[in-house]
Amino acid sequence: MEYVWLVVGFALLVKGADWFVDGSSNIAKLLRVPPILIGLTIVALGTSSPEATVSIIAALQGTVDVSIGNVVGSNIFNITLTVGLAAFIFPLRVQNETIKKEIPFTLLASVALLILMSDVFLQGLSSNMITRSDGFILLLFLTIFMYYIIEVGLKSRKESSEEDFSNEDISWGKNGLITIIGLAGIIGGGQLVVTNATEIAYSLGMSETLVGLTIVAIGTSLPELVTSISAALKKESEIALGNIVGSNIFNILFVLGASSVITPLAVNEKIFTDIWLMIILTVLLLIFSRTKYRIGRKEGLVLALFYIAYMVYIIIRN
């Protein structure tokens, strides 16, 4: 039965992402804001919900390694494989002024996380922790980011005319329902894939560590992957890239912020290597996005190959 539910999960993911992108794109038109803002907010928050669920539950249960590792691993997956495959399918344009600021903001959030958790090195303490006060700082950063996004959205509405975004075939009720159903399909499908793929992996003799680093980490990032690929196929490159950048911001600031407010998170020394890699990859994404203001197929292939190399590294390391 695990194989049947695995197929059902993938089907829900694909169809859910299809509806979610269509609905959210139309909502952007109804709100008279650029699709990139919807990608950075509604789509990003929706596709980050599996990471939020896993990390917050892990924090409540005291398995803090899962909470931090899930976020860092998901962000690396998003930057490399999700951007890489989406760009390989359809080169991602980076023309909107917003995205030029959001990728540096992602870099800022990553560096802030590294600083906040480096208690041994910076403060001379006996162990590294993400404390409750650190969590509130991360949530404050999130508040600033959301305020900025709202300001950009209001400015965009003021500068655009009704005719630019109006469409008599678009309705709030229909697209709101499509978006909600699509999000439910993404979350439910992702959960089915993670649960059943894990059971299959255990039955094949894979270790718990290897399952956690591969299937579970990839599984919680499947919503971002499928949504961005679906957006790329529909040539909605702003939603595809905005979803990834926004998800990474939410993962660090909201997921880890909320998790550490619930309970302080002890930091495993190994995770610092992964955080440094996440920062380096974010810089690489910034460089690629500034080159001709597009992430082309060659850049996409390079990013995807980085993920394969990273997987080989963590399998050998662990």
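Residues numbered from 1 in each chain as written. Predicted model: local features only at pLDDT ≥ 70, side-chain atom pairs only at ≥ 80, totals over all residues. Heavy atoms only, no water.

Colleague: For the packing of aromatic side chains, give the residues involved together with the corresponding values.
Modeller: Here the structure, examined in full by the defined rule, presents four aromatic pairs. Aromatic rings pair up to connect F77, Y307 and Y310 into one cluster. (Phe/Tyr/Trp six-rings, centres within 6.5 Å; stacked < 30°, edge-to-face > 60°.)

Colleague: Any details on helix α1 (residues 2-31)? Residues and values, ideally.
Modeller: Its 30 residues give α1 an end-to-end C-alpha distance of 42 Å, which sits within 8% of 44 Å, the value for a rise of 1.5 Å per residue. One or two positions beyond α1, positive phi appears at R32, with a value near 60°. (Helix = DSSP H or I, 4+ residues; strand = E, 2+ residues; numbered from the N terminus. Expected span 1.5 Å × (residues − 1).)

Colleague: Tell me about the nonpolar core, and please be specific about residues and values.
Modeller: Ranked by internal contacts, the top residues of the largest apolar core, which has 82 residues, are I68, I275 and I295. It is helix α11 (residues 237-262) that provides the largest number of residues to this core, a total of eleven residues. (Core = buried A, V, L, I, M, F, W, Y, C linked by side-chain atoms within 4.5 Å. Buried < 20%, exposed > 50% of the residue type's maximum accessible area, 1.4 Å probe, protein only.)

Colleague: Tell me about the packing of helix α2 (residues 35-47) against α11, residues and numbers included.
Modeller: Between α2 and α11, the shortest axis-to-axis distance is 7 Å and the interhelical angle comes to 50°. In terms of orientation, α2 and α11 fall into the oblique class. Taken as a pair, α2 and α11 cross one another with a handedness that is right-handed. Every residue of α11 that contacts α2 at P35, I36, G39, L40, T41, V43, A44, L45 and T47 is listed here: E238, I239, G242, N243, V245, G246, S247 and F250. Classifying every residue of the contact of α2 with α11 by side-chain character gives nine nonpolar, seven polar and one charged. (Axes fitted to C-alpha atoms, helices over the stretch in contact; angles between N-to-C directions. Parallel < 35°, antiparallel > 145°, perpendicular 65-115°, else oblique. Left-handed = near helix turned anticlockwise from the far one by under 90°. Contact = heavy atoms within 4.5 Å. Nonpolar A, V, L, I, M, F, W, Y, C, P; charged D, E, K, R; others polar.)

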